[in-house]
Amino acid sequence: MNAADLMTESLAAAAEAGWEIREPLFTRFFKAFPKRRAAFLVPQASSIRMTDETLQIMLGLAEGADWVWPQIADIVFTHRAYGPLPIAEYDAFIDMTVKELARAVGASWSAAHQQAWQTQADVLKQKIRDARREWAAGAFGNDV
Ligand code: HEM
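Residues numbered from 1 in each chain as written. Predicted model: local features only at pLDDT ≥ 70, side-chain atom pairs only at ≥ 80, totals over all residues. Heavy atoms only, no water.

The chain appears in an unreviewed UniProt entry as Globin from Pacificimonas pallii.

Counted according to the given criterion, the structure contains eight aromatic pairs. Relative to F40, the ring of F30 has its centre 5.2 Å away and its plane inclined at 70°; by these criteria the two rings are edge-to-face. Highlighted residues: F30 in helix α2 (residues 22-32) and F40 in the loop between α2 and α3 (43-63), separated in sequence by ten residues. No difference in accessibility class separates F30 from F40, as the two residues are buried. (Phe/Tyr/Trp six-rings, centres within 6.5 Å; stacked < 30°, edge-to-face > 60°. Helix = DSSP H or I, 4+ residues; strand = E, 2+ residues; numbered from the N terminus. Buried < 20%, exposed > 50% of the residue type's maximum accessible area, 1.4 Å probe, protein only.)

So, about the coordination of the iron atom of the ligand. For the iron atom of the ligand, the full set of protein donor atoms is M50 (SD) and H79 (NE2), and the range of their distances to it is 2.0 to 2.2 Å. The site at the iron atom of the ligand holds six donor atoms, and with the angles between them running 85 to 178°, its shape is octahedral. With a gap of 29 residues between them, M50 in helix α3 and H79 in helix α4 (residues 68-79) connect regions that are remote in the sequence. The pair M50 / H79 is uniform in exposure class, with both members buried. (Donors = N, O, S within 2.8 Å, 3.2 Å for Na, K, Ca; no water. Tetrahedral: all angles 85-135°; square planar, octahedral: opposite > 155°, others 65-115°.)

Written out as structure tokens, the structure is:
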């Protein structure tokens, strides 16, 4: 099974288990970074998209999907409105997302699933760095 198929299998297993990833994920994130809690005005709403998009982007990276890079660049841009977000918080959020997915999948999570997700988690972390650098350098055009 290739990486994208393994990842799709994990998402299906998590959905079948009927388990919410985002509540424990955001609880864990706010515990690690309590000062960030105030930046989330309506976490019940924004946590849905933040969690889903993080998972979809990692799957999209494994599939080599064209939409992924513009999406990452867009997220990095819009997140600048939430204040200066340390790169360590992005890294932690991405790793925590994979950990909570693994927990949700449970017994059928294998070393191969772990490797498929962690590989794309690390690619996503790098691409966020690339997007931050390119925005800072004005590579995408004028800031609005
Ligand atoms: C790859 C990682 C991330 C992705 C894909 C992502 C995605 C998103 C999306 C799609 C939204 C919009 C939600 C909505 O309007 O419904 C959002 C909101 C937000 N994100 Fe992220 N995010 C990521 C990481 C982070 C990190 C690490 C932080 C903080 C350090 C952060 C802080 C915020 C804040 C403060 C909001 C606004 C919440 C609100 O208004 O209630 N995000 N994020």
